[in-house]
Amino acid sequence: MGSTCVVGLQWGDEAKGKIVDLLCDQHDAVVRYQGGANAGHTVVADGVTYKLSLLPTGILRPGIECVIGNGVVIHPPALLKEVETLKKQGVEIGGRLHVSDRAHVILPYHLAEERLTEESASAADHLGTTRRGIGPCYRDKVGRVHGVRVGDLYHPAQFREHLSRIIDYKNRLLAAMLPEFDPLDAKQVADEYLEYADVLRPLVCDTTTWMHHSLAQGKRLLFEGAQGSLLDVDHGSYPYVTSSNSSAAGIAAGSGVPTRHIDRWIGIVKAYTTRVGGGPFPTEQDNDVGERIRRIGREYGTVTGRPRRCGWFDAVAVRYSSRVSGSTEIALMLLDVLSGLDEIKVAVAYENKDGKRIPELPGHVADLAECRPVYETLPGWSEDLTKARSWSDLPKAAHDYVRFLSKQIGVPISIVSVGPERLQTITKVG
Ligand code: GDP
Ligand code: IMO
Ligand code: MG
């Protein structure tokens, strides 16, 4: 048996955390390969809720090694704070966490740069980001001149010099654009980050080599995607995306592990759709149905607390994202949230404003914004599903709904989830 990936197929928050946690039993290490503290993965175990942002979800399981790979962007104070919070919740981290020396570092000017665009006078520039400095840090990574990697922190003299040049540049830029901007002091920032570096030193290594050694010993890796495939910078609803390859396309680049090691490609979907932040959302229900889903599904952002936009399942979008992420099986989450609806709709195609049928997800955001969903309507069910533990515990209408989605996506559904707890999971479907 080889390695596994768990990747969201919608716009994030598909409940990846719950599935990663469940699959830990069959793996040796959990690997984050992209994104940063914009992610918020929730695990509920024995009534206790844990929230993971930068840390791989495997950290909750004693004995599981955890890797923050080269493709992740790290804000050191956020990482240290998360470690502290988990320790207070009784989570033992010990020597299980490994942080890539190639991962890029989020610095204070990244947060200021993001404020600049997100608060700019032109609403068209607002993406509705999580404001964790993710976009500006990836921009500097790709731009090269201003990039800072974790490994740079262990060459203090060069780091101080490099940072002083960067901060000189950023101060001038930010002061010109933001009249109230307080210039950053390069020495102060360097001192602060070198202190973080000291604390992080035992964790930092070449994680790619570490993972290849593990694989050579027959260990199994579990790649934990953050965000979702429709937020992928190349394959998502650009520009309303995140700044990394959040589909399975990011795994090889963001970890240094070729994907031939993976033989289980799990795509995670909710039984409906949510989205946080801006961007088109054809099946959005800005009405009683959307409000009901938000209330019952507790659809509020884990990171920012923003109410999530809610709507019907979009099979057009998921057919596309499951291809991009190579899903060989689907975990269908939050099915319990749909109980009590007389009927449930699923978008099976789109129509443009001239009434022309559009079977595939359009690549341009303006075309997507004009699409109207073509729905198929299925009967709902009134039963509470949260106590279901096996396929036969589900009512017929729920069976029909699960089978319909699987047929629409073209991929088997292997897991159905009916509540946040580990036990509220059905693993033998149909
Ligand atoms: P992630 O970012 O993909 O890990 O997902 P989030 O943690 O942001 O959001 C998923 C939310 O749904 C969390 O609060 C989970 O505890 C919760 N959850 C997970 N599975 C289920 C389920 O089957 N039913 C219900 N009602 N809640 C679930
Ligand atoms: P998890 O891993 C849902 C969204 C933001 C915004 C866009 C860009 O919990 O599923 P960014 O801060 O990344 O530059 O914001 O992406 N976004 C998420 N939405 N779940 C997430 O993570 C998200 N991470 C970013 O709301 O629309
Ligand atoms: Mg989340």
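Given the structure is predicted, the values throughout are model-derived calculations rather than measurements.

Enquirer: Help me out: how do you make sense of the pairing of strand β15 (residues 329-333) in this one?
Expert: In regular strands, side chains alternate between the two faces of the sheet. The buried fraction of β15 amounts to 5 of the 5 residues, a majority that puts the element mostly inside the structure. Here 5 bridges tie strand β11 (residues 262-270) to β15, and the two strands are oriented parallel to one another. In the strand pairing of β15, Val269 is matched with Leu332. Two elements, β15 and strand β19 (residues 413-417), share 3 bridges in a ladder whose sense is parallel. The residue bridging Leu332 from the neighbouring strand is Val416, located in β19.

Enquirer: What is the right way to look at helix α1 (residues 16-23) in this model?
Expert: Since the α-helix advances by 3.6 residues per turn, residues separated by three or four positions end up pointing in the same direction. With 7 of its 8 residues buried, α1 lies for the most part within the structure. Turning to α1, its buried residues are Lys16, Gly17, Lys18, Ile19, Val20, Asp21 and Leu23.

Enquirer: Would you explain the packing of aromatic side chains in this entry?
Expert: Two aromatic rings, taken as a pair, are described by how far apart their centres are and by the angle between their planes. Enumeration over the complete set of coordinates arrives at 4 aromatic pairs. Here Trp381 and Tyr401 contribute two aromatic rings whose centre-to-centre distance is 6.0 Å and whose plane-to-plane angle is 55°, an arrangement assigned as tilted. In this pair, Trp381 is assigned in the loop between β18 (372-379) and α12 (396-409) and Tyr401 in helix α12, connecting sequence segments 20 residues apart. Each member of the pair Trp381 and Tyr401 is classed as buried.

Enquirer: Explanation requested: the sheet that holds strand β5 (residues 65-68) in the structure shown.
Expert: In a beta sheet, neighbouring strands are held together by backbone hydrogen bonds and run either parallel or antiparallel to one another. The mixed open sheet is built from 10 strands, whose spatial order is β9-β7-β5-β2-β10-β1-β11-β15-β19-β20. Strands with a single pairing partner mark the edges of an open sheet, and in this sheet they are β9 (204-205) and β20 (425-426). One ladder, built from 6 bridges, connects strand β1 (residues 3-8) with β11; its direction is parallel. Across the sheet, Val6 pairs through a bridge with Ile266, a residue of β11. Relative to β19, α12 is tilted by about 135°, and along the sheet it contacts β15 and β19.

Enquirer: What am I meant to see in the site of ligand 1 here?
Expert: Within the structure, ligand 1 sits among 19 residues, and Lys16, Gly40, Thr42, Asp336 and Ser417 are positioned closest to it. Contact between ligand 1 and Thr42: an oxygen atom at 2.6 Å from a side-chain N or O atom of the residue. In the environment of ligand 1, an oxygen atom lies 2.5 Å from a nitrogen or oxygen atom belonging to the side chain of Ser417. The fraction of the free accessible surface of ligand 1 (590 Å²) that becomes covered by protein chains is 90%. Taken together, the elements giving at least two residues each to the shell around ligand 1 come down to α1 and β3 (41-45). The residue makeup of the shell around ligand 1, split by class, is 6 nonpolar, 7 polar and 6 charged.

Definitions and limits used
- Residues numbered from 1 in each chain as written.
- Chains lettered and ligands numbered in written order.
- Predicted model: local features only at pLDDT ≥ 70, side-chain atom pairs only at ≥ 80, totals over all residues.
- Heavy atoms only, no water.
- Buried < 20%, exposed > 50% of the residue type's maximum accessible area, 1.4 Å probe, protein only.
- Helix = DSSP H or I, 4+ residues; strand = E, 2+ residues; numbered from the N terminus.
- Pairing = 2+ DSSP bridges.
- Phe/Tyr/Trp six-rings, centres within 6.5 Å; stacked < 30°, edge-to-face > 60°.
- Contact = heavy atoms within 4.5 Å.
- Axes fitted to C-alpha atoms, helices over the stretch in contact; angles between N-to-C directions.
- Near = heavy atom within 4 Å.
- Polar contact = N/O pair within 3.5 Å; in protein donor to acceptor, adjacent residues only side chain to side chain.
- Areas by Shrake-Rupley, 256 points an atom, 1.4 Å probe, with all protein chains shown as cover.
- Nonpolar A, V, L, I, M, F, W, Y, C, P; charged D, E, K, R; others polar.

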